[in-house]
Amino acid sequence: MGQFLMKFEYKVRRATLADLHKIMALYREVALNSGGIAREADEITGVYVRSFIEKSLGSGVILVVENPSDPEELIAEVHTYTLGIKVFAHVFSDLTIVVRPGFQGRGIGKLLFGTLMEEIEEKHPEILRVELIARESNEKAIGFYKKFGFKVEGRMENRIDGKTGRLEADVPMGRIRPGQTRL
Ligand SMILES: CC(C)(COP(=O)(O)OP(=O)(O)OC[C@H]1O[C@@H](n2cnc3c(N)ncnc32)[C@H](O)[C@@H]1OP(=O)(O)O)[C@@H](O)C(=O)NCCC(=O)NCCS
């Protein structure tokens, strides 16, 4: 990936620690107005966001999309990183993607996730598996990941307390690098 990737008017770039407060604002808005991510707004703390930015910068990938009419605002973010354990060194895990609620359904998620997958393909040949978890009711996200070659790998029963009075399943998904020879 070049430093910047233009498609439509949206620009994907790598994040830095200087984006911490912008990413916090984005995650809080998604938690309050959209859902899909596990944490509630009051759980989107500076410690949490700094932790995933640092892990992604250290051993993963973190990309953001700026609002074309206000570059101070981020409208989407995706990150993933290795778990820091030797037997999992070929795995990118803890993947999370968010698009600001008013901007969802316009192809921004697809642009950002496509860029992430290209980046992994080209810059991280050591990564043979990418994994994530989506709650079962998040059909949009599960459908979205399937379009990128992720497969449902199981069902973790009653793992999510959606605060609706019912527990729901969490769905682990994974994508294996095509053509890799260690299977
Ligand atoms: C999931 C999310 C990242 C998708 O981003 P987005 O910008 O809204 O999605 P896009 O507009 O790029 O659409 C991407 C694809 O998803 C598809 N899609 C949308 N709704 C779908 C559904 N209910 N089932 C299957 N696919 C669906 C679209 O059809 C589109 O594919 P296409 O263009 O080939 O038709 C975004 O909606 C989001 O941030 N949601 C809240 C947070 C979240 O749930 N994150 C994932 C946590 S696991």
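Here goes a summary of the coordinates provided. Keep in mind it's a predicted model, so treat the numbers as computed, not measured. (Residues numbered from 1 in each chain as written. Predicted model: local features only at pLDDT ≥ 70, side-chain atom pairs only at ≥ 80, totals over all residues. Heavy atoms only, no water.)

1. Observations concerning the environment of Pro178
Note the following rule: Runs of H or I in DSSP of at least four residues are treated as helices and runs of E of at least two as strands, each being numbered from the N terminus.
Summarising the element assignment, Pro178 is placed in the segment after strand S9 (167-176). For the pair Pro178 and Gly149, spaced 29 residues apart in sequence, the C-alpha separation works out to 9.7 Å.

2. What to know about the site of the ligand
As a reminder, the rule being used: One heavy atom within 4 Å of a molecule or strand is enough for the residue carrying it to be called near that molecule or strand. Think of a polar contact as two N or O atoms within 3.5 Å of one another; within protein, one of them needs to be a possible hydrogen donor and the other a possible acceptor, and neighboring residues in sequence only count if both atoms come from side chains. Values of accessible area rely on a 1.4 Å probe in the Shrake-Rupley scheme; residue burial ignores everything except the protein chains shown. Cavity and pocket criteria rest on a 1 Å grid covering protein atoms alone: a 1.4 Å probe that fits but cannot get out defines a cavity, protein on both sides within 12 Å along at least 5 of 7 lines defines an open pocket, and an atom within 4 Å of a point defines a lining residue. Any molecule with more than half of its atoms within 2 Å of a cavity's or pocket's grid points is regarded as sitting in that cavity or pocket. The classification used treats Ala, Val, Leu, Ile, Met, Phe, Trp, Tyr, Cys and Pro as nonpolar, Asp, Glu, Lys and Arg as charged, and all other residues, Gly among them, as polar.
Around the ligand, a shell composed of 24 residues is seen, among which Val99, Gly107, Gly109, Asn138 and Lys140 lie nearest. In this structure, Gly105 approaches the ligand through a main-chain N or O atom, which is 2.9 Å from an oxygen atom. Within the side chain of Asn138, a nitrogen or oxygen atom sits 2.8 Å from an oxygen atom of the ligand. Compared with its free state, where it exposes 960 Å², the ligand has 76% of that area covered by protein. The cavity that encloses the ligand is the largest pocket. For the shell around the ligand, the secondary structure elements donating two or more residues are strand S5 (91-99), helix H3 (108-123), strand S6 (129-135) and helix H4 (139-147). With seven residues, the top contributor of residues to the shell around the ligand is H4. In terms of residue class, the shell around the ligand is built from ten nonpolar, nine polar and five charged.

3. Concerning empty space enclosed by the protein
One simple way to see leftover space: roll a probe sized like a water molecule over the atoms. Inclusion rule: Grid points are joined across faces, edges and corners, and a volume is the space filled by probe spheres set on the points.
Throughout the structure, instances matching the rule amount to one cavity of 30 Å³ or more. By volume, the largest cavity amounts to about 60 Å³. Looking at the lining of the largest cavity, the elements with two or more residues in it are H3, S6 and S9. Ranked by residues supplied to the lining of the largest cavity, first place goes to H3 with three residues. Taken together, the residues of the lining of the largest cavity sort by class into six nonpolar, no polar and four charged.

4. Description of the layout of surface pockets
As a volume, the largest pocket reaches approximately 1,300 Å³. Taken together, 49 residues make up the lining of the largest pocket; nearest its centre are Gly36, Ile37, Thr96, Ile97 and Tyr145. The greatest single-element share of the lining of the largest pocket, amounting to seven residues, is contributed by S5. Taken together, the residues that form the lining of the largest pocket break down as 23 nonpolar, 13 polar and 13 charged. Of the pockets and cavities examined, the second largest pocket occupies roughly 260 Å³. Around the second largest pocket sit 13 residues that line it, and Ile37, Ala38, Glu40, Arg135 and Asp161 are the ones nearest its centre. Classifying every residue of the lining of the second largest pocket by side-chain character gives four nonpolar, three polar and six charged.

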